[in-house]
2 protein chains.
Amino acid sequence: MRVLEHPDVEEIRLEAVLHALSDPMRLEVVRFLATTENGAACSEIDLAVSKSTGTHHYRVLREAGVINQVYQGTSKINSLRRADLDELFPGLLDSVVSAATRRPRR
Amino acid sequence: MRVLEHPDVEEIRLEAVLHALSDPMRLEVVRFLATTENGAACSEIDLAVSKSTGTHHYRVLREAGVINQVYQGTSKINSLRRADLDELFPGLLDSVVSAATRRPRR
DNA sequence: CGTTTTGTACGACGTTCATCGTAGTACGAG
DNA sequence: CTCGTACTACGATGAACGTCGTACAAAACG
């Protein structure tokens, strides 16, 4: 429990990002993180699933290159990789987040 | 074999669209259709899979609301639901298509 | 009519996925 | 050192997915 694997910028694949964003839970996480400036701990984002499932979704987002995760005490701080995503897929994150925000969680 | 079911505009869900776009084959179809003005028949888009699999992918795209399909003789003409998608998720289609075009098929 | 073209329906197969519960680990506080 | 908090690892389970082959259907053309 110390270092977390993140894909390099050039390793981020569009398909993986789209897949990561295609789940309601993960979309909600991204939508929430988009409203924060310095990220948020997993426990701050209230998902209606068990903790195991939560961990799973955060990992999918991290391994797709959508979020960054760093340990801070017993917590794990999540933040969007906004700069990386904007460089690779300009406009994508913004359009997804604003669409997800406009049409609230179903 | 005559009428094809399409979701109404208000039935199109962001998650379903993102999921539909998260497959390399389907992304290739969308990328191709984005370059055409009046759509294209399934047979015009050369996918490296069997016909059955092709049919499957077209159906996923149609049921997610990404493409429109109409019969024309023995062919089926596919076209992007660009206006509907732009209305629901402004900027999404453009950013995905241009990202998919810039980074060629894996 | 028969043939060709184009796409479908159905069933199968192996993989990936979302979900959970249980048990466990790392860290901070007392 | 012990306890609580926050998250993980592992295994299980049922559902969805991508793929295919075979058999079929509808339309166009001879």
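Since this is a predicted model, take the numbers as computed values, not measurements. (Residues numbered from 1 in each chain as written. Chains lettered and ligands numbered in written order. Predicted model: local features only at pLDDT ≥ 70, side-chain atom pairs only at ≥ 80, totals over all residues. Heavy atoms only, no water.)

1. Regarding the sheet that holds strand β2 (residues 67-72) of chain B
All names here are of chain B. What counts, and what does not: One bridge is not enough; two strands pair if DSSP finds at least two bridges between them. Counting from the N terminus, the helices are DSSP H or I runs at least four residues long and the strands are E runs at least two residues long. Whether two residues touch is decided by their heavy atoms; if any such pair falls within 4.5 Å, the residues are in contact. In this analysis, axes come from line fits to C-alpha atoms, helices being fitted only over the stretch in contact, and the angle between any two N-to-C directions falls in the range 0 to 180 degrees.
Read across the open sheet, the three strands follow the order β1-β3-β2; overall the sheet is antiparallel. Lying at the two open borders of the sheet, with one neighbouring strand each, are β1 (40-41) and β2. Summarising the sheet, β1 and strand β3 (residues 75-80) pair through two bridges and their orientation is antiparallel. Its bridge partner being in β3, A41 is matched across the sheet by I77. Contacts from helix α2 (residues 24-34) reach β1, β2 and β3 within the one sheet, and its direction differs from that of β3 by about 80°.

2. Observations regarding the interface of chain A and chain B
Selection rule: For this analysis, a polar contact is any N or O atom pair within 3.5 Å, provided that within protein one partner can donate a hydrogen and the other can accept it, and provided that sequence-adjacent residues contribute only side-chain to side-chain pairs. Note that Gly is not counted as nonpolar here; it falls among the polar residues with everything else outside the nonpolar set of Ala, Val, Leu, Ile, Met, Phe, Trp, Tyr, Cys and Pro and the charged set of Asp, Glu, Lys and Arg.
Between chain A and chain B, the contact holds 23 residues from the first and 23 residues from the second. The interface formed by chain A and chain B includes two residue pairs in polar contact (both at pLDDT 80 or more). At the level of elements, α1 (14-21), α2 (24-34) and α5 (92-102) of chain A are the ones that each hand at least two residues to the side of chain A that touches chain B. Counting residues per element, the side of chain A that touches chain B draws most heavily on α5(A), which supplies six residues. Its residues placed into classes, the side of chain A that touches chain B shows 12 nonpolar, four polar and seven charged.

3. A closer look at the sheet that holds strand β2 (residues 67-72) of chain A
Ordered by their spatial adjacency, three strands build an open sheet running β1-β3-β2 (chain A), and the pairing between neighbours is antiparallel. Every interior strand has two partners, whereas the edge strands, β1 (40-41) and β2 of chain A, have only one.

4. Observations regarding the protein's contact with DNA strand C
Keep this limit in mind: Nearness of a residue to a molecule or strand requires only that one of the residue's heavy atoms be within 4 Å of it.
In the neighbourhood of DNA strand C, 23 residues make up the surrounding shell, with R26(A), H57(A), K51(B), T55(B) and K76(B) lying closest. Counting only the atoms of DNA strand C that lie within 4 Å of the protein, the sugar and phosphate share comes to 61%. Separating a phosphate oxygen of DNA strand C from a backbone N or O atom of S43(B) is a distance of 3.1 Å. Put simply, the parts of the chain that give the surface near DNA strand C at least two residues each are α3 (51-64) of chain A together with α3 (51-64) and β3 of chain B.

5. Looking at the pattern of salt bridges
All names here are of chain B. Heads up, the rule is: One speaks of a salt bridge when a side-chain nitrogen belonging to Lys or Arg is within 4 Å of a carboxyl oxygen belonging to Asp or Glu. Only protein chains enter the area calculation, which uses a 1.4 Å probe; residues under 20% of their type maximum are buried, those over 50% are exposed, and those in between are partly exposed.
For the structure shown, the criterion picks out six salt bridges over all chains. When the shortest N-O distance is used, the salt bridge between R13 and E15 registers 4.0 Å. Look at E15 and you get buried, because its relative accessible area is 11%. A salt bridge links R31 to E28; its shortest N-O distance comes to 3.0 Å. On the criterion of helical spacing, the pair formed by R31 and E28 is a turn pair, its members being three residues apart in helix α2.

6. Things to note about the packing of helix α1 (residues 14-21) of chain B against α3(B)
Residues and elements named next belong to chain B. Note the following rule: Angles below 35 degrees are treated as roughly parallel, those above 145 as roughly antiparallel, those between 65 and 115 as roughly perpendicular, and all remaining angles as oblique. If you view the pair so one helix is near and one far, a crossing is left-handed when the near helix is turned anticlockwise from the far one by less than a right angle, and right-handed when it is turned clockwise.
The N-to-C vectors of α1 and α3 enclose an angle of 155°; their axes lie 9 Å apart at closest approach. The angle between α1 and α3 falls in the class roughly antiparallel. You can see that α1 and α3 cross each other, and the crossing is left-handed. Contacts between α1 and α3 involve A16, V17 and A20 on the former and, on the latter, V60, L61 and A64. Tallied by class, the residues present in the contact of α1 with α3 amount to six nonpolar, no polar and no charged.

7. Quick notes on the relation of the copies chain A and chain B
Our working rule: Superposition of the copies was done by least squares, using only C-alpha atoms of residues whose pLDDT is at least 70 in both.
When chain A is brought onto chain B, the operation consists of a screw motion whose angular component is 180° and whose axial shift is 0.0 Å, with 0.0 Å RMSD remaining. Between the two chains, the operation in question is that of a two-fold axis. Taken together, the interface assignments show that 100% of the residues at the interface of chain A recur at the interface of chain B, consistent with an identical surface on both copies.

8. So, the pairing of β2(A)
Residues and elements named next belong to chain A. Bridge count for β2 against strand β3 (residues 75-80) is six bridges, and the pairing is antiparallel. In the strand pairing of β3, Y71 is matched with K76. Hairpin connection from β2 to β3: two residues lie between these consecutive antiparallel strands, with G73 at a positive phi of about 70°.

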